[in-house]
Amino acid sequence: MIAIGCDHAGYDMKTGIIKFLEDKGIEVIDCGCDGSPCDYPVIAKKVCENITHGKADKGILICGTGIGMSIAANKIKGIRASVCSEHFSVKYTRLHNDANVLCMGARVIGEGIAQELTDIFVNTEYEGGRHQKRLDLIKEIEENK
Ligand code: RB5
């Protein structure tokens, strides 16, 4: 299950990605928006809470740059959100960072690239091993240790 959300800048891209995922048989929770002006932190919170509450495995967030969404998402405990615009970064943020949210900028990349990045994000497994210690260190920062 993938939770997905956007602000007004990302609405058209979100619509395309929902279709892309559903055509592949992947279930989606659409957390808004409906295309009218909205504030991206509200949507980021909704998508991330679906993950932290166990309703979705991963999330996708789209705004103009992807950056506002990622800043908001990374404030939420348990979320590792990455803004990606190309294939290498999305592959390695899954392999090494176990990123659970992919953020993309609808004013930065086209829909074709966004769908390919989504495909990599959904289908690449975390490598674990030596990377786990680093994720544990991130968790310690999160816990204020
Ligand atoms: C909205 O105009 C824009 O600021 C937003 O989509 C996003 O790019 C913020 O990071």
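All figures in this text were calculated on a predicted structure; none of them were measured in a lab.

A.B. asks: What am I meant to see in the overall build of the protein chain here?
C.D. replies: The helix and strand tally for the protein chain stands at six helices and five strands. For the protein chain, the α and β elements follow one another from N to C terminus as β-α-β-α-β-α-β-α-β-α-α. Since a compact globule built from 145 residues should have a radius of gyration of about 15 Å, the 14 Å found for the protein chain is in line with a globular shape. Across its three principal axes, the protein chain shows a C-alpha extent of roughly 40 × 25 × 25 Å. Restricting to contacts in the protein chain with at least 6 residues of sequence separation, those with at least 24 account for 70%. Accessible surface, the protein chain as shown: approximately 7500 Å² in total, 50% of it carbon and sulfur.

A.B. asks: Looking at this structure, how should I read the packing of aromatic side chains?
C.D. replies: Two aromatic rings are characterised by how far apart their centres lie and by the angle between their planes. Taken as a whole and assessed by the stated rule, the structure comprises one aromatic pair. Positioned over the ring face of Phe-121 is Lys-58, at 5.3 Å from the centre of the ring.

A.B. asks: I keep staring at the pattern of salt bridges and nothing clicks. Help me out?
C.D. replies: Think of it this way: side chains of opposite charge can pair up when their charged atoms draw near. The tally for this structure, following the rule as stated, stands at six salt bridges. The partner of Lys-19 in a salt bridge is Asp-23, with the nearest N and O atoms 2.7 Å apart. Of this pair, Lys-19 and Asp-23 both sit in helix 1 (residues 11-23), four residues apart, which is roughly one turn of the helix. Linking Asp-98 and Arg-80 is a salt bridge whose minimum nitrogen-to-oxygen distance equals 3.3 Å. Note that Asp-98 is positioned in the loop between helix 4 (87-95) and strand 5 (101-105) and Arg-80 in the loop between helix 3 (67-73) and strand 4 (81-83), a separation of 18 residues in sequence. Overlapping salt bridges, with partners in common, bring together Arg-80, Arg-94 and Asp-98 in one network.

A.B. asks: I'm lost on unusual backbone geometry in this one. Help?
C.D. replies: With the exception of glycine, the majority of residues adopt a negative phi angle, and the majority of peptide bonds are in the trans configuration. For the peptide bond that leads from Gly-32 to Cys-33, omega is 0°, which places it in the cis range. Relative to the assigned elements, Cys-33 resides in the loop between strand 2 (28-30) and helix 2 (40-52). Notably, Asp-98 is not glycine yet its phi reads approximately 50°, a positive angle.

A.B. asks: It is not clear to me how the site of the ligand should be interpreted in this structure. Could you clarify?
C.D. replies: Taken together, the neighbourhood of the ligand is formed by Asp-7, His-8, Ala-9, Tyr-40, Cys-63, Gly-64, Thr-65, Gly-68 and Arg-107. Backbone polar atom of Gly-64 to an oxygen atom of the ligand: 2.7 Å apart, as the coordinates give it. Measuring from an oxygen atom of the ligand, one finds a side-chain N or O atom of Arg-107 at 3.3 Å. Protein burial of the ligand: of its 290 Å² of free accessible surface, 71% is covered by the chains.

What counts and how
- Residues numbered from 1 in each chain as written.
- Predicted model: local features only at pLDDT ≥ 70, side-chain atom pairs only at ≥ 80, totals over all residues.
- Heavy atoms only, no water.
- Helix = DSSP H or I, 4+ residues; strand = E, 2+ residues; numbered from the N terminus.
- Rg over C-alpha atoms; globule rule 2.2 N^0.38 Å.
- Contact = heavy atoms within 4.5 Å.
- Areas by Shrake-Rupley, 256 points an atom, 1.4 Å probe, with all protein chains shown as cover.
- Phe/Tyr/Trp six-rings, centres within 6.5 Å; stacked < 30°, edge-to-face > 60°.
- Lys NZ or Arg CZ within 6 Å of the ring centre and 35° of its normal.
- Salt bridge = Lys/Arg side-chain N within 4 Å of Asp/Glu carboxyl O.
- Near = heavy atom within 4 Å.
- Polar contact = N/O pair within 3.5 Å; in protein donor to acceptor, adjacent residues only side chain to side chain.

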